[in-house]
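The residues making up each chain are set out below.
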Amino acid sequence: MTRATGILWAVLLCGSALAQGAKPVKITFPSEGDREVWIGPAKDPGLFKDPVAANGTSITLDAPADPAGWVLYAHDKKSGNVAEKLLAEAAKTGEWKVLPTEERRVFRMEFHVTGEGSAPVSSAVLKAKIGAETREALLTPADKGLANLYNLPAGTLEVVVQYKTGEATKTTPPQSFEVKLGSGVPAPKTITIADKVETIPEESATKPADVKSTETKGDTKDAAKPREREQVPAPNPGISFLNLIIGLAVIGGICYGIYSYVKKNPKQVEDVLKKAGLGDQQAQIDSDLPPAPAQPQPIKPIVLGDAAPAAALTPIASTSAAVANPRLVRPDGSIVLLSEGASTVGREAPAEIVLDGESSVSRQHARLERTGDAVTLSDAGSTNGTFVNGVRLTGPVSLKVGDSVQFGAVAFRYEE
């Protein structure tokens with residue numbers, strides 16, 4: 001490796017770091033009000049995270065550098081309406097002036113799924129469709145029969161509930177509900193299952209265990225919001241700009257340090273790159289020889305943490321039509337690849353698949369067994385249970401493509 005090649009590596013590292021900058025977008029409202037804003041993937045409007053409180057007439061958000069595929073949303077808590085704007089359009093001017101005609105969605109609809117005697121069901125899967133959009137909510141005992149669907153377009157919503165009665169899996173007849181703008185938080189809708197299903201005793205069904213109450217002075221309209229929607233203070237534009245300048249200065253210092261080190265120690269850098277397997281590839285390029293084909297590496301379980309707003313759940317294309325790639329996919333798009341053999345799911349090590357920070361997951365929660373393309377799931381005596389398609393496991397189950405899988409309150413979808 002030449003000295004020029006080492007310097008090129010340093011420049012590429014600097015360019016990669018600087019490319020991650022964000023672009024500010026100012027959102028302006030026609031009047032003051034109690035609102036919240038967020039950025040979500042265009043392919044999955046029902047998926048949202050990290051809403052920011054907006055109580056004045058404007059607020060500035062740091063948007064992704066590449067606006068393609070993202071949408072700005074603004075929720076007016078008084079009307080219950082949600083306005084939307086393609087981020088790519090707002091990024092052209094750096095501002096979105098919210099108009100009443102852009103309010104095309106209803107923030108939340110609440111459903112109570114009950115069985116015999118109006119008792120909440122223990123487990124089920126609520127599936128809904130409105131226009132070209134779909135929603136799905138997995139009910140576990142911790143939900144106490146309560147399911148919420150978010151960011152719905154105005155129109156007719158068709159809902160079914162999939163449940164287990166005895167050894168059979170059934171689905172309720174479709175029921176239609178009107179999603180109307182400007183009605184505030186709609187009254188809860190009740191769906192009753194006529195068959196005999198497992199329910200929750202009345203004394204333990206007063207309030208879902210995983211719902212954080214925000215009641216103040218008799219106001220309970222936000223009591224059923226999920227934890228991830230806890231509001232955070234609006235960012236200060238001046239502080240955000242100062243942080244950006246400091247961050248760029250730090251990155252510049254690191255890049256200059258790398259450049260200086262490479263320039264003064266080309267031999268040491270060459271040795272390090274060779275140990276990492278990069279030196280041989282560079283030698284092949286310098287001699288105009290094609291690089292040797294990369295050897296396939298064993299697939300290991302990975303869990304992608306929650307960072308920026310995640311893309312919709314999209315099947316990942318396999319590199320070979322003849323080889324399956326079993327995996328678990330979370331609603332935010334993060335993936336857990338399943339290795340050959342046995343893997344333990346738990347809240348912490350020594351589990352092979354660690355769901356860190358998830359209080360509803362036991363230390364040794366479940367066991368996944370992969371043999372070729374077949375994957376078997378079983379519960380490992382967990383406290384909050386392991387579920388497939390809303391049914392709590394009492395023994396090993398073979399997973400099929402599209403199955404809903406849940407460890408405690410952590411939901412996945414099985415794909416290959």
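Residues numbered from 1 in each chain as written. Predicted model: local features only at pLDDT ≥ 70, side-chain atom pairs only at ≥ 80, totals over all residues. Heavy atoms only, no water.

A.B. asks: Give a description of the overall build of the protein that names residues and reports values.
C.D. replies: Within the protein, the secondary structure is distributed over five helices and 26 strands. Within the protein, the proportion of its 416 residues that are buried is 40%. A separation threshold of at least 6 residues defines the contact pool for the protein, and within that pool the share at least 24 residues apart is 58%. Split by element, the accessible area of the protein, about 22600 Å² in all, is 56% carbon and sulfur. (Helix = DSSP H or I, 4+ residues; strand = E, 2+ residues; numbered from the N terminus. Buried < 20%, exposed > 50% of the residue type's maximum accessible area, 1.4 Å probe, protein only. Contact = heavy atoms within 4.5 Å. Areas by Shrake-Rupley, 256 points an atom, 1.4 Å probe, with all protein chains shown as cover.)

A.B. asks: Can you explain the confidence of the model for the protein? Please cite residues and give values.
C.D. replies: The predicted model of the protein has a mean per-residue pLDDT of 77, with 72% of residues at 70 or higher. In this model, residues 1-20 is a region of pLDDT below 50 whose contacts with residues beyond four sequence positions or in other chains number 23 contacts. This model gives residues 206-232 a pLDDT under 50, and the stretch forms 54 contacts once residues within four places in sequence are excluded. (pLDDT = per-residue confidence, 0-100.)

A.B. asks: For the nonpolar core, give the residues involved together with the corresponding values.
C.D. replies: Membership of the largest hydrophobic core comes to 23 residues, with the highest contact counts inside it found for Phe111, Leu126, Leu149, Leu157 and Val159. Leu149 has contacts with Phe107, Arg108, Met109, Phe111, Leu126, Ala128, Arg135, Ala137 and Leu157, leaving out every residue within four places of it along the chain. Formed by 19 residues, the second largest nonpolar core is a distinct cluster that contains Leu328, Val361, Leu368 and Tyr414. (Core = buried A, V, L, I, M, F, W, Y, C linked by side-chain atoms within 4.5 Å.)

A.B. asks: Account for the environment of Gln406, with residues named and values stated.
C.D. replies: Structurally, Gln406 can be placed in strand β25 (residues 404-407). For the pair Gln406 and Gly390, spaced 16 residues apart in sequence, the C-alpha to C-alpha distance is 8.0 Å. With residues near it in sequence (within four places) discarded, Gln406 still touches Leu138, Thr140, Gly385, Thr386, Phe387 and Ala411. Looking at Gln406, its side chain comes within polar contact range of the main-chain oxygen of Gly408, at 2.8 Å. (Polar contact = N/O pair within 3.5 Å; in protein donor to acceptor, adjacent residues only side chain to side chain.)

A.B. asks: Can you explain the sheet that holds strand β26 (residues 410-415)? Please cite residues and give values.
C.D. replies: Taken together, six strands build an open sheet; the order of strands is β17-β16-β26-β25-β22-β23 and the sheet is antiparallel. Only two strands of the sheet have a single partner each, and these edge strands are β17 (335-337) and β23 (391-392). Sheet analysis places β25 next to β26, joined by four bridges and oriented antiparallel. Across the sheet, Ser404 pairs through a bridge with Arg413, a residue of β26. (Pairing = 2+ DSSP bridges.)

A.B. asks: Go over the packing of aromatic side chains with me, naming the residues and quoting the values.
C.D. replies: Taken as a whole and judged by the stated rule, the model has five aromatic pairs. Ring centres of Trp38 and Phe107 lie 6.1 Å apart, and the angle between their planes is 65°; on these two criteria the pair is classed as edge-to-face. Pair noted here: Trp38 is in strand β2 (residues 35-41) and Phe107 is in strand β8 (residues 103-114), with a separation of 69 residues, a long-range link. Just as Trp38 is buried, Phe107 falls in that class too. Judged by centre distance (5.4 Å) and plane angle (75°), the ring pair of Phe111 and Phe177 falls under edge-to-face. Highlighted residues: Phe111 in strand β8 and Phe177 in strand β14 (residues 175-179), separated in sequence by 66 residues. Using a relative accessible area of 0% as the deciding quantity, one classes Phe111 as buried. Residue Phe177 is classed as buried on the basis of its relative accessible area, which comes to 13%. Three or more aromatic residues link up through ring pairs in this structure, and these residues are Trp38, Tyr73, Phe107 and Tyr150. (Phe/Tyr/Trp six-rings, centres within 6.5 Å; stacked < 30°, edge-to-face > 60°.)

A.B. asks: Can you tell me about the environment of Pro201, naming the residues and giving the values?
C.D. replies: Locating Pro201 in the fold gives a position in the loop between β15 (189-192) and α3 (237-264). The spatial distance from the C-alpha of Pro201 to the C-alpha of Val121 is 9.5 Å, given a sequence separation of 80 residues.

A.B. asks: Just give me the short version of the sheet that holds strand β19 (residues 353-354), but keep the residues and values in it.
C.D. replies: Reading across from one edge, β19-β18-β20-β21-β24 is the order of the five strands in this open sheet, with mixed pairing throughout. Strand pairing shows two members of the sheet lacking a second neighbour, β19 and β24 (397-398), which therefore form its edges. Bridge count between strand β18 (residues 341-346) and strand β20 (residues 366-371): five bridges; the pairing is antiparallel. When the bridges of β20 are listed, Thr344 appears paired with Arg367.

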